[in-house]
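Per-entry structural report
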Amino acid sequence: MLKDSLLIRGFNRGDKDALRSIYEIYRDDLLKVAAALLNDKSNVEDVIHDVFVSFARTVGTFKLSGSLKGYLSICIANRARDRNRATQRQSTIGLDSARLNRSETSGPDQSVIRSELFQQLDYAMAQLPYEQREIVILHLQSRMKFKQIAKLKGVSVNTVLSRYRYGLDKLRLILDGEVNK
Amino acid sequence: MRHTKNIKNLVKKSYLNNLNVPFSKEMDERILGDTLATMEESAKAGPALSQPNIWRKIMKSKIVKLATAAAIILAVVISVTILDKSAKPAWAIEQTIETLREIESIYIAGYFLTADAKKADFQAWIVPSSKDSSKSAYYRFEAGRFEPEDFNPYDQNRHVVVVSESDNSTYLYFPANTWTFYPNQKIAYISEGLDRNPKDPPCLGSDFFEKMKKQAQDWHEEYGKDEETGKQSVFVTCAHPTRMGAYFWWIQFDVETKLPVHYKLWLNKDYTGEPAVCVNKIIYNPKLPDGVFKFHVPEETKVLDHRELSEIVSADPTCGISVNELDTEEACKRVVSEYWEAVIDQDWEKVCRMRPMMEEQTWEELQNMYISVKPAKLLGIRECINIDNKASFPIVPCLIRMQNGMTKVGVLHVSIEQAGDDKRGVIVDSLGPEFVDP
């Protein structure tokens, strides 16, 4: 957005309102990205916090190439990967129990019984290797182009595309298995 | 078995849309509080810590000290020379170029001649690209009936082009009454990249005049006064090539502001007859209306999203047919021909593969319709439209005879997509209803 450039200009000048607007505009989307990528949902807030604090340190020098939402989403994805690794090291629980843990640690709003389909999808997403889940979420939630993801992640477009394809194929296999049971 | 596209929609609609994350005001305050405090600290620490260190390092060397002094003297000499030169002529194109460097946005309004030589009003809001100001980073072009500067994103009767650098997308909207066979069809095309139509007005940034200065032929300047305001002006005529071929320009520059205030373009070098484009209003750094570079899809509009199609073909390279070694027009005709052949043969698997954007439910309806009206023979393919407009899709009209002997027109959008090393031709969608009377 044109707004991005204006906000970044303001942010680089140290304008607090610009930074507050950036946070308010992108918070909800970034929360979803974090929630979809983290094995333990209780880490969502910390990941958002860390990303915004790191971003704030770049004041005066931040240069935007592409969309700000894309940039912040990639930062969330990188942090989420680190968190997942740390969580995995701390605990020996398997993926299934980690997934169970996610819903148990949810807040009151989350205690509402979700649809069966949502639970199947949540389960299927958790089964995906992180690098595939990451591309699927960045593309579908953050609406990032494959080229943009490839550029920001420093991998080739073909790698991104094949991860996306494998991710969707695996989701399909898992879901068909679930549905046909 | 679920299709890749269905899985994608399932993840979007049933998973991501329902993924509610509880977030409290306290969390907001904690994150924002820490973030704002960090920014404040970094802003204070940044210049105080870094700048003196760099300066000391640089100025330690005697050679660097001498070079710095020489550079300052040179800069002063150049500035004096430039000031001296600029004082002589009343106007020079270099002054316009310099002045335009400070311009962040432009509004233009005027008219252009349509293919049937009728005048059509247009207006455009433009933000030049910071990389090349002869091109727009943000652009909204509107043609139709409206008062100048009237921004109404919900007016469905204006032809609209929106180019957005941050979306890296181009939006193109055609109102009803655009198409011959489909008088009520409204269509919006969305494509990746900034595909400005060559016929659209150029972006009058400093780089545009920089290029014009180098490339223009038969440059002629004449001093005079503005007809309405009486302000001193320079009238420049020149031939300057554009993507549409040579255009013959007439531009009026205001001597005081140095900025262009009117321009006209002719296709003939004699500057006779009505100009092809006439811009009679230019406002620099206008107040940009909120959401001027945002595209609103009008109700009941068919939306054809090229980005979505590219994703589908990238994810499933078996879509469509291979059209390697064919030029775009030949490829489009081949795709349409094979598509109707498959419909006539009731080869539904192939039809489905050739039309990958079709939703499951719509596909069932379409299949039932084909079975009931029974297309029997492809009588001919007419000339393809929109072959070179990257912001839309090529349109291919066909004549088809039905099994009951009636002849119908079917107009299809076709796309030629690159899937790895393979060039794939696919049917995007019909222009309006699948069949209409000729």
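What you see is a predicted model; the values in this text were computed from it and never measured.

**Structural notes on the environment of Tyr71(A)**
Residues and elements named next belong to chain A.
- Locating tyrosine 71 in the fold gives a position in helix H4 (residues 68-90).
- Given a relative accessible area of 25%, tyrosine 71 falls into the partly exposed group.
- For the pair tyrosine 71 and leucine 152, spaced 81 residues apart in the sequence, the C-alpha separation amounts to 7.4 Å.
- Look past the residues within four positions of tyrosine 71 in its chain and what remains in contact with it is Phe55, Phe62 and Leu152.

**Regarding the pattern of salt bridges**
- Tallied over the full model, the rule gives 35 salt bridges over all chains.
- For Asp82(A), the salt bridge identified is with Arg81(A), shortest N-O distance 3.9 Å.
- With relative accessibility at 25%, the residue Arg81(A) sits in the partly exposed group.
- We note a salt bridge from Glu274(B) to Lys119(B), for which the minimum N-O separation is 3.5 Å. Of this pair, Glu274(B) sits in the loop between strand S10 (260-266) and strand S11 (277-284) while Lys119(B) sits in strand S2 (residues 119-128), and the two are 155 residues apart along the sequence.
- Take Glu274(B): its relative accessible area is 41%, and that puts it in the partly exposed class.
- Here the residues in one salt-bridge network are Glu45(A), Asp46(A), Asp50(A), Arg79(A), Arg83(A) and Arg30(B), joined through shared partners.

**Quick look at helix H3 (residues 44-57) of chain A**
All names here are of chain A.
- An ideal rise of 1.5 Å per residue puts 20 Å on 14 residues; H3 measures up with 20 Å between its terminal C-alpha atoms.
- Counting buried positions over the 14 residues of H3 gives 10, a clear majority of the element.
- Listed as buried for H3 are Val44, Glu45, Val47, Ile48, His49, Val51, Phe52, Val53, Phe55 and Ala56.

**Describing the interface of chain B and chain A**
- Each partner contributes to the interface: chain B provides 43 residues, whereas chain A provides 55 residues.
- Roughly 4700 Å² of surface becomes buried between chain B and chain A when both sides are summed, with 67% attributable to carbon and sulfur atoms.
- In this assembly, chain B and chain A are joined by five salt bridges.
- Across the pair Glu104(B) and Arg9(A) runs a salt bridge, and its minimum N-O distance is 3.4 Å.
- In this assembly, chain B and chain A are joined by 11 residue pairs in polar contact (both at pLDDT 80 or more).
- Of all the secondary structure elements, the ones that give two or more residues to the side of chain B that touches chain A are helix H1 (4-15), helix H2 (25-60) and helix H6 (306-315) of chain B.
- Element by element, the count of residues in the side of chain B that touches chain A is highest for H2(B), at 13 residues.
- Residue classes in the side of chain B that touches chain A are distributed as 21 nonpolar, 11 polar and 11 charged.

**Considerations on the packing of helix H7 (residues 130-140) of chain A against helix H8 (residues 146-153) of chain A**
Residue and element names in this part refer to chain A.
- Where H7 meets H8, the closest approach of the two axes is 10 Å, and the angle between their N-to-C directions is 125°. Taken together, the axes of H7 and H8 are oblique relative to one another. Classified by chirality, the crossing of H8 by H7 is right-handed. Where H7 abuts H8, its residues Glu134, Ile135, Leu138 and His139 lie against Phe146, Ile149 and Lys153.
- Taken together, the residues of the contact of H7 with H8 break down into four nonpolar, one polar and two charged.

Reading guide: rules and limits
Residues numbered from 1 in each chain as written. Chains lettered and ligands numbered in written order. Predicted model: local features only at pLDDT ≥ 70, side-chain atom pairs only at ≥ 80, totals over all residues. Heavy atoms only, no water. Helix = DSSP H or I, 4+ residues; strand = E, 2+ residues; numbered from the N terminus. Buried < 20%, exposed > 50% of the residue type's maximum accessible area, 1.4 Å probe, protein only. Contact = heavy atoms within 4.5 Å. Salt bridge = Lys/Arg side-chain N within 4 Å of Asp/Glu carboxyl O. Expected span 1.5 Å × (residues − 1). Buried area = accessible area lost by both parts, 1.4 Å probe. Polar contact = N/O pair within 3.5 Å; in protein donor to acceptor, adjacent residues only side chain to side chain. Nonpolar A, V, L, I, M, F, W, Y, C, P; charged D, E, K, R; others polar. Axes fitted to C-alpha atoms, helices over the stretch in contact; angles between N-to-C directions. Parallel < 35°, antiparallel > 145°, perpendicular 65-115°, else oblique. Left-handed = near helix turned anticlockwise from the far one by under 90°.

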